[in-house]
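# Inside the fold
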Amino acid sequence: MTKIYDRIDLQALRMNGVKVNYLYVCERKLWLFDRGIQMEKNHEKVLLGKLLSEYAYPEKTRREILIDELIKIDLMDSEEIREIKYSNRLANANRIQVLYYLYYLKLLGVQRKGVINYPKMRRKEEVSLTPEAEEEVQEALKKVEEVLSSRKPPVAVKKSYCSKCAYYEFCFG
Ligand code: SF4
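Reference entry: report on the structure contained in this document.

### Examining the packing of helix 5 (residues 91-107) against helix 6 (residues 131-149)
Their axes nearest at 9 Å, the elements helix 5 and helix 6 cross at an angle of 100 degrees. Relative to helix 6, helix 5 is oriented roughly perpendicular. Side by side, helix 5 and helix 6 meet where Arg 95, Ile 96, Leu 99, Tyr 100, Tyr 103 and Lys 106 of the first sit next to Ala 133, Glu 134, Glu 136, Val 137, Gln 138, Ala 140 and Leu 141 of the second. Considering only residue class, the contact of helix 5 with helix 6 consists of eight nonpolar, one polar and four charged.

If you want it as structure tokens, here you go:
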């Protein structure tokens, strides 16, 4: 019998995880990243490699994964994905990425719940892949495709976090 793994482009899905995050951070960042202007390439390579190893070695229950320069996810155990954040500045982007990973896992036939921890704020947010959330992920994936189908990057619109972005000089230098 063909496993679902055989029918999924795992590499594309993992890349989409980063792209879905960037979609919510900044569409221009998403476009630049996709076109190979990857100033954070090393971070992402670390992330993707570690994510893959999680699936390859599920018995190793706790790993820390660095996503971009802001997000850390611990794949804690067989029940949940845990993300630890230092601020809620990009909370929505974190949330959609966790939802994306839950969606990704679901496609692999694995059920997990997501937890986002805000240690500084002494808060945590639970994230579940509800049918609505699943639709949101699917819409985000469509939107990613839409942004990336453009021949030109979206215009640079200054945001409060632009100065922390690796593309800042590229956009506003
Ligand atoms: S500097 Fe700002 S506008 Fe440019 S890619 Fe980064 S977040 Fe987007």
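Moving on from the coordinates now.
### Focus: the site of the ligand
Neighbouring residues of the ligand: Cys 26, Lys 29, Val 157, Lys 159, Cys 162, Cys 165, Tyr 167, Tyr 168, Cys 171 and Phe 172. Taking a 2 Å distance to the grid points as the criterion, the majority of the atoms of the ligand fall inside the largest cavity. Top contributing element to the shell around the ligand by residue count: helix 7 (residues 168-172), with three residues.

### With respect to helix 5
With 17 residues, helix 5 ought to run about 24 Å at 1.5 Å a step, and its terminal C-alpha atoms sit 24 Å apart, in line with that. A large share of helix 5 lies buried, amounting to 12 of its 17 residues. Note on helix 5: the residue one or two positions beyond its end, Gly 109, has a positive phi of about 85 degrees.

### A look at the pattern of salt bridges
Evaluated as defined, the whole model comprises seven salt bridges. Note that Glu 139 is salt-bridged to Lys 142, the shortest N-O span being 3.1 Å. Of the two residues, Glu 139 and Lys 142 both sit in helix 6, three residues apart, roughly one turn of that helix. For Glu 139, a relative accessible area of 46% gives the class partly exposed. Exposure remark for Lys 142: the relative accessible area of 52% places this residue in the exposed category. For the salt bridge of Glu 146 with Lys 143, the shortest nitrogen-to-oxygen distance reads 3.3 Å. In this pair, Glu 146 and Lys 143 are both assigned in helix 6, three residues apart and thus about one turn of the helix distant. The class of Glu 146 is partly exposed, set by a relative accessible area of 48%. The class of Lys 143 is partly exposed, set by a relative accessible area of 29%.

Thresholds applied
Residues numbered from 1 in each chain as written. Predicted model: local features only at pLDDT ≥ 70, side-chain atom pairs only at ≥ 80, totals over all residues. Heavy atoms only, no water. Axes fitted to C-alpha atoms, helices over the stretch in contact; angles between N-to-C directions. Helix = DSSP H or I, 4+ residues; strand = E, 2+ residues; numbered from the N terminus. Parallel < 35°, antiparallel > 145°, perpendicular 65-115°, else oblique. Contact = heavy atoms within 4.5 Å. Nonpolar A, V, L, I, M, F, W, Y, C, P; charged D, E, K, R; others polar. Near = heavy atom within 4 Å. 1 Å grid on protein atoms, 1.4 Å probe; cavity = no way out; pocket = protein on both sides within 12 Å on 5 of 7 lines; lining within 4 Å. Sits in = over half its atoms within 2 Å of the grid points. Expected span 1.5 Å × (residues − 1). Buried < 20%, exposed > 50% of the residue type's maximum accessible area, 1.4 Å probe, protein only. Salt bridge = Lys/Arg side-chain N within 4 Å of Asp/Glu carboxyl O.

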